[in-house]
Amino acid sequence: MFLSMNWIEDFDDLNGIDKVELIHRFSLSTAEVENEIFFKGSDLSGVVVAEIKSVENHPDSKKLHLLKVDAGEAELTDVVCGAPNVRVGMKTAFAKIGAKIGEITIAPRPLAGFNSYGMCCSEAEIGISDENSGIMEITDDIPNGTDLKSVYAIDDIVFEVDNKSLTNRPDLWGHYGIAREIAALANRPLKPLDVENLEQYSGLPQIDMKIQDKLCQRYSCLQVENINRSISPVDMRIRLHYCGMRAINFLADLTNYLMLEMGQPMHAFDSRKVEKIRIKRFDTPFKFTTLDNVERNIDENTLMICNDNTPVAIAGIMGGLDSEIVDDTTTLTLESATFDCVSIRKSTVRLSHRTDASMRYEKSLDPEMTTVAIARFVNLLKKYDSGVQVVSSLTDEYAYHYDTVTLSFDKHFVDRYTGISIDNDTIVNTLTSLGFEVTLEGDNFTVVVPSWRATKDVTIKADIIEEITRIYGYDNFDINTTRSPLYPIRTDVRKSDEEKIKDLLVKKYNLHELHSYVWVYNDEQKALGIPVEENIRLANATNPNIETIRKSIIPTQLCQVKQNAGYSADFGIFEIGRVVEGVDENNLCVERKKLAVTLFSKTKDIKSLYLDLRDILATITDDLKHRELNFSVESAEQSYEHPVNLNAIYLDGKKLGKIGIVHPTVGKKIDKKANIVFAEIDIDVFASVSNASIVYSEPSKFPPMDYDLSLDLPQGTFFSQLKECWQSIGAEILRDARIVDTYDTDEIHSMTVRFEFSSDERTLSSKEVQDIMDKVIENLDKIGVKLRG
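Quick look at the structure, then.

Rules used throughout
- Residues numbered from 1 in each chain as written.
- Predicted model: local features only at pLDDT ≥ 70, side-chain atom pairs only at ≥ 80, totals over all residues.
- Heavy atoms only, no water.
- Phe/Tyr/Trp six-rings, centres within 6.5 Å; stacked < 30°, edge-to-face > 60°.
- Helix = DSSP H or I, 4+ residues; strand = E, 2+ residues; numbered from the N terminus.
- Buried < 20%, exposed > 50% of the residue type's maximum accessible area, 1.4 Å probe, protein only.
- Pairing = 2+ DSSP bridges.
- Axes fitted to C-alpha atoms, helices over the stretch in contact; angles between N-to-C directions.
- Contact = heavy atoms within 4.5 Å.
- Polar contact = N/O pair within 3.5 Å; in protein donor to acceptor, adjacent residues only side chain to side chain.
- Arc of directions from axis to C-beta.
- Parallel < 35°, antiparallel > 145°, perpendicular 65-115°, else oblique.
- Left-handed = near helix turned anticlockwise from the far one by under 90°.
- Core = buried A, V, L, I, M, F, W, Y, C linked by side-chain atoms within 4.5 Å.
- Nonpolar A, V, L, I, M, F, W, Y, C, P; charged D, E, K, R; others polar.

## Some words on the packing of aromatic side chains
Applying the stated criterion across every chain, the model contains 17 aromatic pairs. With a centroid separation of 4.8 Å and 85° between ring planes, the pair formed by W726 and F755 is classed as edge-to-face. Taken together, the residues W726 in the loop between α19 (719-723) and β35 (734-744) and F755 in strand β36 (residues 749-757) connect sequence positions 29 residues apart. W726 gets classed as buried once you look at its relative accessible area, which sits at 5%. Taking relative accessible area as the criterion, F755 reaches 1% and is therefore assigned buried.

## Some remarks on the sheet that holds strand β11 (residues 156-161)
Spatially, three strands are ordered β1-β11-β2 in an open sheet, and the strand pairing comes out antiparallel. Pairing within the sheet leaves two strands with one partner each, and these edge strands are β1 (2-4) and β2 (33-40). With direction set aside, neighbouring strand axes in the sheet form an average angle of 25°. Pairing geometry for β2 and β11, over five bridges, is antiparallel. Within β11, the position partnered with I37 by the bridge is F159.

## A closer look at the environment of G145
As for its placement among the helices and strands, G145 is situated in the loop between β10 (119-121) and α3 (148-151). In this structure G145 comes out as partly exposed when scored by relative accessible area, which is 30%. Each C-alpha atom of the pair G145 and A636 lies 88 Å from the other, and the pair is 491 residues apart in sequence. Each residue touching G145, except ones within four places of it in the same chain, is listed here: V48, V49, A71 and G72.

## Some points on the side chain of S750
By the element assignment, S750 lies in strand β36. What makes S750 buried here is its relative accessible area of 5%. From its side chain, S750 meets the backbone oxygen of L711 in a polar contact 3.1 Å long. Each residue touching S750, except ones within four places of it in the same chain, is listed here: L711, D712, T742, Y743, D744 and R788.

## Comments concerning the sheet that holds strand β25 (residues 437-441)
The three strands are arranged β24-β26-β25 in an open sheet whose pairing can be described as antiparallel. The open sheet has two edge strands, β24 (406-410) and β25, and neither has a second partner. Strand-to-strand twist in this sheet, taken as the mean axis angle between neighbours without regard to direction, amounts to 15°. Bridging between β25 and strand β26 (residues 444-448) involves five bridges; their strand directions are antiparallel.

## Quick notes on helix α10 (residues 411-418)
Among all positions of α10, only K411, F413, V414 and T418 are buried. All buried residues of α10 fall inside an arc of 160° around its axis, so they share one side. In α10, those exposed residues whose orientation departs by more than 90 degrees from the buried face are H412 and R416. Where α10 is buried, its residues contact β24, α11 (424-433), β26 and α12 (461-472).

## Topic: the packing of α10 against α12
At a minimum axis separation of 10 Å, α10 and α12 run at an interaxial angle of 70°. Here α10 lies roughly perpendicular to α12, going by the angle between them. Crossing of α10 against α12: the hand is right-handed. Between α10 and α12, the residues in contact are F413, V414, Y417 and T418 and K461, A462, I465, I468 and T469, respectively.

## Re the nonpolar core
Core analysis: the largest hydrophobic core is formed by 111 residues, its most contacted members being F159, Y219, I279, I305 and F339. Contact partners of F159, with chain neighbours within four places excluded, come to M1, F2, L3, M5, I8, I23, F26, V33 and I37.

## So, the packing of helix α5 (residues 234-242) against helix α6 (residues 250-262)
As a packed pair, α5 and α6 sit with axes 10 Å apart at the nearest point and diverge in direction by 55°. Accordingly, the angle class assigned to the pair α5 and α6 is oblique. Here α5 runs over α6; the crossing is left-handed. Of the residues in α6, those in contact with M236, R239 and L240 of α5 are D253, L254, N256, Y257 and L260. Its residues placed into classes, the contact of α5 with α6 shows five nonpolar, one polar and two charged.

Pasting the structure below:
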């Protein structure tokens, strides 16, 4: 948002103060000022008011004219001009010989066979507006030869404030609110606004107006007629231009001027087209054409301003084309209102249309400003068009009142928070200059927050501390080391597990950590043949490609693998991120934190890659929980999951997640020559599993005995099923059983298991070991596992 120091000086006496330094102080105390400060008019000199005394057509050009101009000198000046609007008696801006306009210095020059001794200028050429269709027309009674900068406020200091820093300050979206801050910083009084006394019109008829929807907090209106002026004063147009707005016509400019001055958006309707004002929503959607001549789709949630049942404006956003102010408008109905900020914000998103007005309404404007803005509008209207008449009383419906915020604290509270001693008079003067009502009894303060700060900004005592300290100046604080007790804090189990998992995957397995958004990328998934699961969707999503929240991280990672497949023959990626698994009984999102790992390889066979991923997960659980993983066959539910090679993962009896191979159809769309495997586990479930105790045992001094069994397994048999065949047999001497070799073909599934026996008391005999193994073989035979012949 651009701000004019000339405008601010309408309300603050800043004589003797370095304005640039004041702008820097404002940036430190209130809102961030962008780096560049603009010194408007500093590159303009030698431009005067001049009157065209004669106009002749150029003999050899249809566009050029030969003028004689009275620039206040003894003789008339010859000028060649191509503007279409030149005429005898017209006064304009004239750059004399030696004048400077930007980097251009005006000098005599021949033009189409005639010498030109100066230049008649458009408003755009001298930098006071964008109007360049013709030369500037000056209608004010100003003597010829008068320096233009002596009669119009062309010299100005303009600075830009970052809008993001004003989000919580609706009072700073206009020059008057900024002037209040500047006055407090400069320790100067703030001048009141010049406003019209609207009480004098209380005997006039009221406008037929009614609020029919709670989304309208307050609606004030007034009717004015006999408006004769159509073009705004030059100084008004200059200020609008410097602040980034285009001049349109007097009434439209005046509403924009009030918005930039007070932060209160206003709208002027042609009274011929608005008779019964109703503020409401409609039950069915319809189309509506706004002032920018764009047809927009209005739904049942969008608040509308209506002429009885006919919509004439989108509340808080933009007026309708059919009720706009036109050049022949002489009677207007002025609107000044406040609306529910959330409703306005949602409507702008649905319509994909944000305006200067809606940006302000989104910030929770003060409803107390509506009538003040109308009084200010009428004051300026009469100032620049003395013949206007107010033909209605102020019609005002105040439907929603914000609570008055009163805060009490003592000086000790201020001293404790600030770490310094600020005297009571400074506290009172600071808060009073910002508009707070302060009552002081001893060292106890009672503060009533002004309405323009109470809509969402100042609500607690700590906010008062901020007000005091920022005006006092953070740079005035003594630099001291804070003395505070530091207590050790135990790290949350889940957070600790996450950090350890990340370290393990990066340091030991060289995997790459990626971060992605929580939504589904529809187009990317569909390109891989992965349909989007039905789930929670973002309301009013501006991009339909990212409107659905994901249930799993795996499809996201497969899209990431696709993007990176050309950069390496082998790589692995992982992410610990959030997913949403529908809603709970309270209609709130069920968020889960998941670890997803995907391995990609063009050099390894699918079995090796799959076992690598299994080993990664086993290492994680062994290092962090000191427990073993178990697996069981899982049925594929998603299109990217292999119909056969998909297994559920269990830890301590709890289902942790799943591990599998990417479906060949999806895999081919990523890379025809690569193998891809994935796993996803629930971090919340993982964290809920307690660490198993680590048991240390002394090695036996007697020699161990190993016994190998080579087994033929039925399809789909897991090692965990085999373990059940010996867990209850020979526990006193059977110390371990592990896989030492596997052999798989389409028809044969073989595994070699090594059993380790030892005793702490004696040397084992072959017979007692064989007796145990005979029972193991018998149990294996019961589940269809045979010894290899």
